[in-house]
Amino acid sequence: MQFDGVPLDFILIGLVLYTVLAGADFGAGLWQLLAGRGPTAERVRDHAHHAIAPVWEANHVWLVFVLTVTWTAYPIAFGSIASTLSVPLFIAAIGIIFRGASYALQAGVSGPHERRVVENVFALSSILTPFALGAAVGGIASARVPVGNAAGNLWSSWLNPTSNLVGVLAVALSAFLAAVYLCADAHRLGEPDLERSFRRRALVSGMVTGALAIAGLAVLRADAPVLGHRLIAGPGLPAIVVSVLAGLGTLLLVWRRRYGEARVSAALAVAAIVVGWALAQRPNILPGLTVQQAAAPTDTLIGVVVAVLAGAVILFPSLALLFSFVLGGRFDPDRATGAGVPIGRGRRVSGNRGFAGRVAAALAIAGTGLLTVASAEWAHALGVACFAGFVVAGFHAAAPAEVVAADTDGPSGR
Amino acid sequence: MRLSALVTELPLPPVVQTYLDQARQMQALSFAVHIPLVCFGIAFPTMVLVVEWLYLHTGDELYRVLARRWTRVMAALFAVGVITGTILSFEMGLLWPAFTADFGSVFGLGFAIEGFSFFVEAIFIGIYVYGWNRLSAQAHFATGIPIAIAGIIGSFMVISVNAWMNHPGGFTVRDGKAVDVHPVQALFGNTYLWHELVHMYVAGYLVVGFLLASVYGVSRLRGRWGRYERTAFAIPVTVGALAAPVQVLVGDWAGREVAQDQPVKLAAIEGLADTTRGAALHMLGWFNGSGIEYGVAIPKGLSLIAFHNVDAVVAGLNTVPRADWPIVNVVRLCFQAMVGIGSLLAIIGVFYLVVRVRRHRLPVSAWFYRAVGVAGPLSIVALICGWVVTEVGRQPWVVYGTMRTSAAVTGASGIPVGYGTLLLVYAGVVVAVVWILRRLAAAPLELPPEAPAPTMAQRR
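My aim in this report is to walk through the structure given alongside it, one point at a time. A quick note: this is a predicted structure, and the numbers were derived from the prediction, not measured.

**Here we look at the packing of aromatic side chains**
- Taken as a whole and judged by the stated rule, the model has 35 aromatic pairs over all chains.
- Ring centres 6.5 Å apart and planes at 50° place the aromatic pair phenylalanine 65 of chain A and phenylalanine 119 of chain B in the tilted group. One end of the pair, phenylalanine 65 of chain A, is in helix H3 (residues 56–73); the other, phenylalanine 119 of chain B, is in helix H4 (residues 97–131), on a second chain.
- Judged by relative accessible area, which is 4%, phenylalanine 65 of chain A ranks as buried.
- Ring geometry for phenylalanine 233 of chain B versus phenylalanine 368 of chain B: centroids 6.3 Å apart, planes at 85°, classification edge-to-face. Of the two residues, phenylalanine 233 of chain B is situated in helix H8 (residues 227–261) and phenylalanine 368 of chain B in helix H12 (residues 366–392); the sequence distance between them amounts to 135 residues. Here phenylalanine 233 of chain B matches phenylalanine 368 of chain B in class, with each residue buried.
- Aromatic ring contacts, followed pair by pair, group Trp71 and Phe78 of chain A together with Phe99, Phe103, Phe107, Phe111, Trp164 and Phe171 of chain B into a single cluster.
- Taking the ring centre of phenylalanine 198 of chain A as reference, the NZ or CZ of arginine 201 of chain A above it sits at 4.8 Å.
- Here arginine 370 of chain B stacks its cationic end above the ring of tryptophan 367 of chain B, 4.4 Å away from the centre of that ring.

The following block contains the structure:
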């Protein structure tokens, strides 16, 4: 049934978005590490930091999305992959911890030494994580993950030519994406020297990544001949052609300083590689396990499809809002406008405290009766609602902020 | 089609895993680090929004400063929560691949929906944090609301999965495999869900309320008690004080639900070896395999509390083979700690409320502030103890009565290495979180000079 493959399409979309969005955040970390020392390097690092700060968490969630949809819709595949590839996935997890923790720490660092330590941890984990995730993908793509609980080899499943290739490629693609995006950001901010330096990085990393990808096809032909063949001569070919064209187009656009379009075409070049892999590997998820065989029962698939479509209705407008603020320069460092004028300046929060207090007391008594004495389920539900009302009314009655704002330590005659 | 049938009849079979206990401890460690952060996801956005609302409504700059400082704390804790939550997702596959492979189709939907609320949280926290001073005041306040809603829905989903593990439904087992799967019924048609959910939400407000209050309570003991500190103390302590007595009653409700659906867990909580009519309740003491030693007994107390009937029959541990008992003393000790701390918090809360109502001011006794200073960290202890009761009390089952934890575990080697690594890394994360919170607290207040003069003088 066609329906079996629908969640897989969602997973693929999630993987593509994770690669082109979070990938660029990883790449920004790489450029921070390679920035060197001195005041120019500080500016490069600051620029990379400011660019990813508002978005990295949202971009990271695509990974969680991919994981959860996979284990819901294709549980056998997920269990097999996660157990055989536990080592690279654990390394990626550790990388994710270091990245998030060092990001949180950046809010509190003071002095160049502390900053440098935290930033280096951030940058190193930004290389480690995409490499490990890429190596895991390489293990799946080269058919080294059989169905079963840790049925594959714990080491050769991710320490092999294909995994090394995909791991290195993941890092290189991230760096390329980041360079293009950061170049566009620098252009928007009106920082010509940063723009020049990221333009150079974009061009160089683009060429290096392209060369890597072409050399990689040779590696695939030797190490994973089936996938290699289907990628070059089979269903993957259109995607590869798109990727090559978009990659070349990006170089041209960056060269001609048309960064807005370059951003899109760079993302397209990278996305096409992920899609090409998926097309070449279909209909198998794992060796001997087709999408249809791996799929969860129908009720679950329907649940996933409904949840994802309903979620998308909320998600995409929210993402659009975030990215329109970020790309529109709303969150740029020099755009702080001072405090907005609040609605009710000078107004007091007023209301009938005594009444709120009596309501709170009444709700507490009613809640106790319904939740503790009564035993019917509807009574419990009502009891919980009473207690929620008790907390809200009680908070209003206590008016903690105003009371302490009004007096010092003595009794108050409110 | 025949091949499909072949594969689906062969789910991931159980393996021999020497390090099952280490795998469980690694999972427990990951939860223990993550769950306090979940509380901040549940309760903190609402509290920040209340303060921002006070600013919008009164125009008092103090509330703006307070809301911004709490926003920084919220952002740092959210970043750490993002990673510790991701680790839990990884561990679903790294540690328990057979559980996920066999039952992912039943419970996975909850996590898939949780993923979306996580998205909304991450997106709007980015907007909210960077939108200070860059969006209009009202628009900024509005961008905070989705964070609060998403924090609540996300934990709702995760708890629905946990409730399903404790009280599974929505599927049939045939030949060791889940068939006839109805995930919506499994997750949301579960009578066991609601008490667990409410208990955790109230716990979220308790932990955040008392933890924040304890920070400013300690400030007062050190002599810093300006208008800023008083406000920052009064808001969370009021929330905690109102939530604490409610939690006592919600906990009692949860106990009755456990008594009904998981009698063995209740027997472990009490240390009741044999099925007893009119069973006694024991405080403190130690379970020696057949009864409680050195405890204080309240005759017929357990029957009264668990079934509201002094002569009710309470099932003992002897209803299942000894090999299927949870670790009784761990469950029991954690339960007693949770109840003890919860009662203490309720006493502090009621005392505070009485002073507020009777005297219209904050308590003045230093002992009150010392108690609150201790109550904050203790509330986290109670939180973790509560989860230990739920999760260790569920053993030896991962899906209660259906799948054993030993059948769920990974066949991969190297669990001790992973456990050791995660232990070291998380120790570093805890140190880092404490460090960043202290740094944020040490940053000078950006209160405007026109703030009320007497309190400024008092501050320095």
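**Focus on the interface of chain B and chain A**
- Each partner contributes residues to the interface: chain B has 110 residues there, and chain A has 112 residues.
- Summed over both sides, the interface between chain B and chain A buries roughly 9200 Å², with carbon and sulfur atoms accounting for 73% of that surface.
- Among the residues of chain B in contact with chain A, Phe116, Phe119 and Arg134 of chain B are the three that bury the most area, contributing 8% of the side total.
- Put simply, chain B and chain A have one salt bridge between them.
- On the surface where chain B and chain A come into contact, there are 14 residue pairs in polar contact (both at pLDDT 80 or more).
- Counting residues per element, the side of chain B that touches chain A draws most heavily on H4 of chain B, at 25 residues.
- Looking at the side of chain B that touches chain A residue by residue, the classes come out as 69 nonpolar, 29 polar and 12 charged.

**Focus: the pattern of salt bridges**
Residues and elements named next belong to chain A.
- Applying the stated criterion across every chain, the model contains 22 salt bridges over all chains.
- The shortest N-O distance in the salt bridge between aspartate 9 and arginine 282 comes to 2.7 Å. Here the residue aspartate 9 occupies a position in helix H1 (residues 6–34), and arginine 282 occupies one in the loop between helix H11 (259–281) and strand E1 (284–286), the gap between them amounting to 273 residues.
- We classify aspartate 9 as partly exposed; its relative accessible area is 34%.
- Look at arginine 282 and you get partly exposed, because its relative accessible area is 32%.

**As for the environment of threonine 72 of chain A**
- Following the sequence through the fold, threonine 72 of chain A ends up in helix H3.
- Distance in space between the C-alpha atoms of threonine 72 of chain A and leucine 189 of chain A is 43 Å, their sequence separation being 117 residues.
- In this structure threonine 72 of chain A touches Ala296, Thr300 and Val304 of chain A together with Gly104, Ser105, Gly108, Leu109 and Ala112 of chain B, once residues within four positions along its chain are discounted.

**Things to note about empty space enclosed by the protein**
Residue and element names in this part refer to chain A.
- Within the structure shown, the criterion is met by five cavities of 30 Å³ or more.
- Put simply, the largest cavity is a space of about 120 Å³.
- Every residue along the wall of the largest cavity is listed here: His47, His50, Ala51, Pro54, Asp185, Arg188, Leu189, Val326, Phe331, Asp332 and Pro333.
- Of all elements in the fold, only helix H2 (39–52) and helix H7 (161–189) reach the threshold of two or more residues within the lining of the largest cavity.

Thresholds applied
Residues numbered from 1 in each chain as written. Chains lettered and ligands numbered in written order. Predicted model: local features only at pLDDT ≥ 70, side-chain atom pairs only at ≥ 80, totals over all residues. Heavy atoms only, no water. Phe/Tyr/Trp six-rings, centres within 6.5 Å; stacked < 30°, edge-to-face > 60°. Helix = DSSP H or I, 4+ residues; strand = E, 2+ residues; numbered from the N terminus. Buried < 20%, exposed > 50% of the residue type's maximum accessible area, 1.4 Å probe, protein only. Lys NZ or Arg CZ within 6 Å of the ring centre and 35° of its normal. Contact = heavy atoms within 4.5 Å. Buried area = accessible area lost by both parts, 1.4 Å probe. Salt bridge = Lys/Arg side-chain N within 4 Å of Asp/Glu carboxyl O. Polar contact = N/O pair within 3.5 Å; in protein donor to acceptor, adjacent residues only side chain to side chain. Nonpolar A, V, L, I, M, F, W, Y, C, P; charged D, E, K, R; others polar. 1 Å grid on protein atoms, 1.4 Å probe; cavity = no way out; pocket = protein on both sides within 12 Å on 5 of 7 lines; lining within 4 Å. Points joined across faces, edges and corners; volume = space filled by probe spheres on them.

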